[in-house]
Amino acid sequence: MSLCPISFQTAQALLDLSYKINGKKVKHKNESLEPGKPFSQSDAVLASVKVDRHTDGKGYILKLSIKALKDIDLVHLELKYNCDLTDQRMNANGFQSWSQARELTKANKIPAIRSSIAWYTQLNLQGDYDIFEHSGERGEIHSSSFTHFRDAHNVLSFFGSISEDLGYTYFKGDFNRNKFSIYKDVLGKNMVQGQELDLIRVFITQGMDCEAAIWDEYSTFFEDRRAIKGNDDTRRHVNGWTSWYNYYGDVSEEIINENVDALTQYKYPINIFQIDDGFQTAIGDWLSINKKFPSGMKVVADKIKGAGFKAGLWLAPYAVGFSSRIVKEHPDWLITHPDTKKPVVAGPNWGGFYALDMYNPGARAYLKEVFDTVLQDWGFDMLKLDFCFAAAMIPRLGKTRGEIMWEAMDLIRDLVGTEKLVLGCGVPLAAAFRKVDYCRIGSDVAPWWEDQKLKLLHVRERVSTANSLVSTLTRWSLSDRMFGNDPDVIILRNLKNKLTPDERYTLCVLNNILGALVFSSDNVSLYGQDEHLLYSATFPKVISRVKSVLEFRHNCFIIEFTVNVVNREPRTYTTYTNLCADEQIICLPPPSSQNHLLFATDNDMHMTEADKEEALFYHPSSSAKLKPHETKTFLHIPQPQPDQLNLLGTFSHIVPGAELETFKLKAPGEVEAIFHKDNSRHHKVYLGIGNYLHQNRSCPPPPCKVNGVQVNHEWISVSSSDEGLPKSEVLAFVIES
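Worth saying up front: this structure is predicted, and the values here are computed from it rather than measured.

Quick word on the overall build of the chain
In terms of helices and strands, the chain carries 13 helices and 42 strands. Scaling as 2.2 N^0.38, a compact globule of 737 residues should have a C-alpha radius of gyration of about 27 Å, and the chain matches this with 27 Å. Across its three principal axes, the chain shows a C-alpha extent of roughly 90 × 65 × 45 Å. Counting across all 737 residues of the chain, residues that qualify as buried make up 62%. If you take every contact in the chain between residues at least 6 apart in sequence, the share linking residues at least 24 apart comes to 70%. Here the chain has roughly 28400 Å² of accessible surface; of this, 50% comes from carbon and sulfur atoms. Charge centroids of the chain, computed over 81 positive and 91 negative side chains, lie 3 Å from each other.

As C-alpha cells, this is what we get:
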C-alpha cells in the first residue's frame, strides 16, 4: 500500500499485543487486523482498528481500540503495515528537547548508546534508549510522537499522535522491508475488566508543499493552555539573556547585576532576563538560596524588572540532587523502583540526581510552595523548567511513562497559572504541546561546533552547536503552533568561544529566523565593535513566517520565509545554510513576479571590515558560494513597476528590512522611511523607484526625496559569475542615518 491516508481505511494490519493476567504473560504476534473486523482470538482482550475522515475533511484519524475482557497489565502494543517507502525521507523526531531530530533515509541508522558507555556515563537516562529499542540497523528509522515522509516532489505524508496522554507513540519506518508501524509504549498500563481505550489515535494527512498548513491543523487537536494563546500572537517573539552559557553554575548576584547594568548601558532592548542554575544550595532545595545571592531572590528579581525586563528563573522541578536536603529529610518524596525499593536515578548531572514523585502529597505540596514563592513572593515572570523527563523515568501506579509525563506537564501549567510564562526544557515535546509558552527544541549549544567523541558514541542529546542547529532546522514547524521555539542561545562573544565568525553568524541567523525566543549569555560590556555590530543587528526580533525548510544536499538547507509589512505585501526571503565542512555552490531561486533580483546579506555585512569583493545583488537562478558553516539570506526584490517604490536592501539587520518600521511612497518621488526604535545601528538602505535594473546608464535617475530630503544614488554591479547572464547594474537611492 502507499502512504496515502485513504489507503489505511481498507488496509490490513498486523497486530503485536502482549499483556499480563495475574502475573502471567500472554503474547499475540502478527495477528491480522482490518477495519471493521476486530481481533477476538482471546478471552482477555478485544482489539479493533478504525480509520475515519477527520471532521473538517483535512485528514483522517486512525484509532486502535483495546477492550479489556479481564483485568490486564499491558506490556507491548504495535500495529504494522506493508507500505511502499521507496525514495522517501523520514522525519526522525528525537525523544525529548535535546534529542536530535532530522530527516533520514534508507541509508541512515539510529544506534543506541553502547552499553558500556551508558553504564559509565549514564547519558542513556537523558534519552529513550531504555524505553524503545534502537536497532542500529541501516534503513530502520523511528520517530517519537509524530513523523512525516517526504518524497522527491515534496509530497508530505504526515502522522501525528493525538493520544500521548496514554503513552509515548513511536513511528517506525523499515525501509529494507517496506514496513511502517505504530508502536505504543504501554508498559505498566492497567486496564480493568470492561474498560476500553483508544490507545493509538493518529492524525494522518498528505499534501504537497504544505508542511506549515499541516501543523496548523495538527495543533488544533491540543488544548491551548498557554499564557500567550493562539498561533499568531506576535508578543511571543522576544529576545532575552540567560546566565548559563557564559557563567554556568558560577552565576552570582554580582554577575547578574553587572549584566543587567551592561544591557541597560548599551540600550539593548531585550524582553526577558533569566537566571539559570546556580542560585540554590542544592538541586531540589529551591527555596534554600546560596551565599552568592546575599540579598535574596526578590531583590534580584526587582533589579531585573526595574531595568524594564521580565525576570525569569530556572528550576528543575522533578529533579532532586543526591546531596539535597530533600533526600535526607523526605526520602518518601522520591520515586522508588518497585523491585529494588531504591530511589530511581534520573541522570548524572550535579553528581547524580533522583526523581521527585509528583503523586506524593507532600512532594506535590512542596512544588506548590516553590512555585508560589518564586512567582508570587519573589515576583518572577517566567520559569524555565528543565529536566522535566525525570518525572516519568518508569511506569508505575498503573500508568505508562507517557501518561505520567503528560500529567507532569499538566501539573506544571496548573501550578504556574494562566498569567506567568513557562519555558519547558528537557521534555518529551508532545507532552508540552500548548501547555508551555516556549520550549527548547534542540540540544544545548556550545562555544564550539561539534563534539566528535559523543557523536561517534551515538549520543543524540550531546551538547553541540551543530547538533542543536540540525534540530532547529527540523522542528521549525512546531513554533507558534505548539509553543514558541527556543533554539537555545546565540554566542557572539570573542572571549571563551571557539566558534568561527561564520559559525557564530549561522547560529545567530538560524535561531532568530526559526526561533520565537532568542537568548544570549554574553556580557555585552566586554564586546568589541564587531560583536556590538552583529548583536545590535538582531533588534527588533524578526517575526518570520516560515513556509518551508528543506535539506537539499546533505547538511545544506534552504529556508523560505516571509516577514509581514504594514500596509504592504509581505517581504519574501530565502536563507541558505551550509553545515558542511566544505564549500558549497548553491543555485538561487528562479525568477518570478516577486523575485526579479536578489539582495544578499551575510556575516561580512555586520563587521567593521566587510569583504568589499562580496556581491550584494544576484540574478534569480544564478549561483553563489557558501563557505563552510556559512549562512546567507537573500531578499527577493519584485519586478519593477512605473514609479513603484521597492526596497532593494538594508545593512543594519540580519534580515534586510526588519529594521524599518515605516517604508512607503507618500507621493511620486517622495519616500517616508522610519527606523524601528529598537535598532540602534548606523543605517544604510538601498531603495528603487520604477525601473532599478539597467544594462547601461543611459537613463537619468528619477527624482527621489526621503523624509523631505534629496538623497544620492549609487550604481551597483549585479553578480555576473554565471555565463549567459547580461551584465547589469542596480540604480539604488541611498538612505544613511
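Once the structure has been displayed, the description carries forward.
Points about the pattern of salt bridges
Note that side chains of opposite charge can pair when their charged atoms are close. Within this structure, the stated rule accounts for 47 salt bridges. A salt bridge links Glu211 to Arg150; the nearest nitrogen and oxygen atoms lie 3.0 Å apart. Here Arg150 lies in strand β9 (residues 146–150) and Glu211 lies in helix α2 (residues 211–219), a separation of 61 residues in the sequence. The pair Glu211 / Arg150 is uniform in exposure class, with both members buried. The residue Asp602 makes a salt bridge to Lys632 at a minimum N-O spacing of 2.7 Å. Note that Asp602 is positioned in the loop between β30 (597–601) and β31 (617–618) and Lys632 in strand β33 (residues 631–637), a separation of 30 residues in sequence. Asp602 gets classed as buried once you look at its relative accessible area, which sits at 5%. When its relative accessible area of 1% is taken as the criterion, Lys632 is described as buried.

Observations concerning helix α8 (residues 401–416)
Given 3.6 residues per helical turn, the α-helix brings residues three or four places apart onto the same face. If you check α8, its first and last C-alpha atoms are 23 Å apart, about what 16 residues at 1.5 Å a residue would give, namely 22 Å. Counting buried positions along α8 yields 13 of 16 residues, so the element is predominantly enclosed. Immediately downstream of α8, the backbone of Gly417 shows phi near 90°, a positive value.

Section: the sheet that holds strand β36 (residues 670–675)
Within a sheet, neighbouring strands are paired by backbone hydrogen bonds and run either parallel or antiparallel to one another. The strand order across the open sheet built from four strands is β35-β36-β39-β40, with neighbouring strands paired in mixed fashion. The open sheet has two edge strands, β35 (660–667) and β40 (709–710), and neither has a second partner.

Structural notes on the pairing of strand β32 (residues 623–626)
The side-chain alternation of β32 yields one buried face, formed by Ala624 and Leu626, and one unburied face, formed by Ser623 and Lys625. One ladder, built from four bridges, connects strand β29 (residues 584–587) with β32; its direction is antiparallel. Bridge pairing links Ile586 to Ala624 in β32.

Digging into the packing of aromatic side chains
Per the stated rule, a full pass over the model turns up 55 aromatic pairs. Judged by centre distance (5.8 Å) and plane angle (85°), the rings of Trp98 and Phe389 are edge-to-face. Of this pair, Trp98 sits in the loop between β6 (89–92) and β7 (102–104) while Phe389 is found in the loop between β21 (382–385) and α8, placing the two residues 291 residues apart along the sequence. The residues Trp98 and Phe389 share a single accessibility class, namely buried. Here Phe149 and Phe159 contribute two aromatic rings whose centre-to-centre distance is 6.2 Å and whose plane-to-plane angle is 90°, an arrangement assigned as edge-to-face. Of the two residues, Phe149 is situated in strand β9 and Phe159 in strand β10 (residues 155–161); the sequence distance between them amounts to ten residues. For the pair Phe149 and Phe159, one class covers both residues: buried. Lying over the aromatic face of Trp406, Lys435 brings its terminal NZ or CZ to 3.5 Å of the ring centre. We note Lys684 situated over the ring of Phe651; from NZ or CZ to the ring centre the distance is 5.2 Å.

Details of the sheet that holds β31
The antiparallel open sheet is built from six strands, whose spatial order is β26-β27-β28-β33-β30-β31. The open sheet has two edge strands, β26 (544–553) and β31, and neither has a second partner. Relative to β33, β30 runs antiparallel, the two sharing five bridges. Bridge pairing in β33 links Phe599 to Leu635.

Brief notes about empty space enclosed by the protein
Under the counting rule described, the total for this entry stands at three cavities of 30 Å³ or more. Roughly 100 Å³ of volume is contained in the largest cavity. Taken together, the elements giving at least two residues each to the lining of the largest cavity come down to β9, α11 (465–474) and β26. With three residues, the single largest contributor to the lining of the largest cavity is β26. When the residues that make up the lining of the largest cavity are grouped by side-chain class, the tally is five nonpolar, two polar and four charged.

What about the side chain of Thr538?
With respect to the helices and strands, Thr538 occurs in the loop between α13 (529–536) and β26. Residues within four places of Thr538 in sequence aside, it is in contact with Asn239, Cys508, Asn512, His653 and Ile654.

Some words on unusual backbone geometry
Each neighbour pair has its own omega, and for Phe539 with Pro540 the value is -5°, a cis peptide bond. Position of Pro540 among the secondary structure elements: in the loop between α13 and β26. One non-glycine residue, Asp209, lies in positive phi territory at about 50°. Among the structural elements, Asp209 can be located in the loop between β14 (196–208) and α2. In this structure, Asp480 takes a positive phi of about 75° despite not being glycine. Tracing the sequence through the fold places Asp480 in the loop between α11 and β24 (484–486). Classification of Asp480 as buried rests on a relative accessible area of 8%.

Things to note about helix α12 (residues 501–514)
Here α12 spans 20 Å end to end across 14 residues, near enough to the 20 Å set by a 1.5 Å rise per residue. Among the 14 residues in α12, 13 count as buried, and that is most of the element.

A look at the environment of Ile270
If you trace the backbone, Ile270 turns up in the loop between α4 (253–265) and β16 (272–275). Apart from the residues within four sequence positions on either side, Ile270 is in contact with Asn239, Gly240, Trp241, Leu263, Phe309, Tyr535 and Phe539.

As for the side chain of Arg150
A relative accessible area of 6% means that Arg150 is categorised as buried. If we ignore the near neighbours within four places in the chain, the residues touching Arg150 are Asp87, Gln88, Arg89, Glu103, Val155, Leu156, Glu211, Val549 and Leu550.

Some words on the nonpolar core
One finds Phe433 and Phe617 to be the most contacted residues of the largest nonpolar core, which totals 184 residues. A total of nine residues in this core trace back to one element, the largest contributor, which is α8. Excluding residues that lie within four positions of it along the chain, Phe433 makes contacts with Phe146, Trp215, Tyr218, Phe222, Glu223, Leu478, Met482 and Phe483. By size, the runner-up hydrophobic cluster in this structure holds 46 residues, among which are Leu62, Leu64, Leu77 and Ile141.

Points about the pairing of strand β4 (residues 60–68)
Two faces, one strand: in a regular strand the side chains alternate between the faces of the sheet. For β4, a buried count of seven out of nine residues is recorded, marking the element as mostly surrounded by other parts of the structure. Note that strand β3 (residues 45–53) and β4 share nine bridges and pair antiparallel. Residue pairing in the sheet places Val45 in a bridge with Ala68 of β4. If you look at the hairpin formed by β3 and β4, you'll find six residues sitting between the two strands, and Gly57 has a positive phi there, around 75°. Bridge analysis of β4 against β14 gives eight bridges, and the strand direction is antiparallel.

Cut-off values and rules
Each chain has its residues counted from 1, running along the sequence as written. Predicted model: local features are reported for residues with pLDDT of at least 70 only, side-chain atom pairs are reported and counted for 80 or more only, and whole-chain, interface and lining totals are derived from all residues. The basis for the side-chain values is all heavy atoms of the structure; hydrogens and waters are excluded. Under the DSSP-based scheme used, a helix requires at least four consecutive residues in state H or I and a strand at least two consecutive residues in state E, with every element numbered from the N terminus. In this setup the radius of gyration rests on C-alpha atoms only. A globule is expected at 2.2 Å times the number of residues raised to 0.38. Exposure is judged per residue with a 1.4 Å probe applied to protein chains only, and the accessible area is read against the type maximum: over 50% gives exposed, under 20% gives buried, and values in between give partly exposed. Contact criterion: two residues are considered in contact whenever any of their non-hydrogen atoms come within 4.5 Å of each other. Accessible surface is estimated by sampling points in the Shrake-Rupley manner with a 1.4 Å probe; for residues, cover comes only from the protein chains shown. In this charge count, Lys and Arg are treated as positive and Asp and Glu as negative; neither His nor the chain ends contribute. Note on charges: their place is set at NZ of Lys, CZ of Arg, CG of Asp or CD of Glu. One speaks of a salt bridge when a side-chain nitrogen belonging to Lys or Arg is within 4 Å of a carboxyl oxygen belonging to Asp or Glu. Expected span, for any helix, means 1.5 Å times one less than how many residues it has. A pair of strands is treated as paired once DSSP finds two or more bridges between them. Think of it this way: a Phe, Tyr or Trp ring, Trp meaning its six-membered ring, pairs with another when their centres are within 6.5 Å, and the plane angle makes it stacked under 30 degrees, edge-to-face over 60, tilted otherwise. For a Lys NZ or an Arg CZ to count as sitting over a ring, it must be within 6 Å of the ring centre and within 35 degrees of the ring normal. A 1.4 Å probe that fits but cannot get out identifies a cavity on a 1 Å grid over protein atoms alone, an open set with protein on both sides within 12 Å along at least five of seven lines counts as a pocket, and a residue lines either if it has an atom within 4 Å of a point. Grid points are joined across faces, edges and corners, and a volume is the space filled by probe spheres set on the points. Note on residue classes: Ala, Val, Leu, Ile, Met, Phe, Trp, Tyr, Cys and Pro are nonpolar, Asp, Glu, Lys and Arg are charged, and everything else, Gly too, is polar. By nonpolar core is meant a set of buried Ala, Val, Leu, Ile, Met, Phe, Trp, Tyr and Cys residues that side-chain atoms within 4.5 Å join together.

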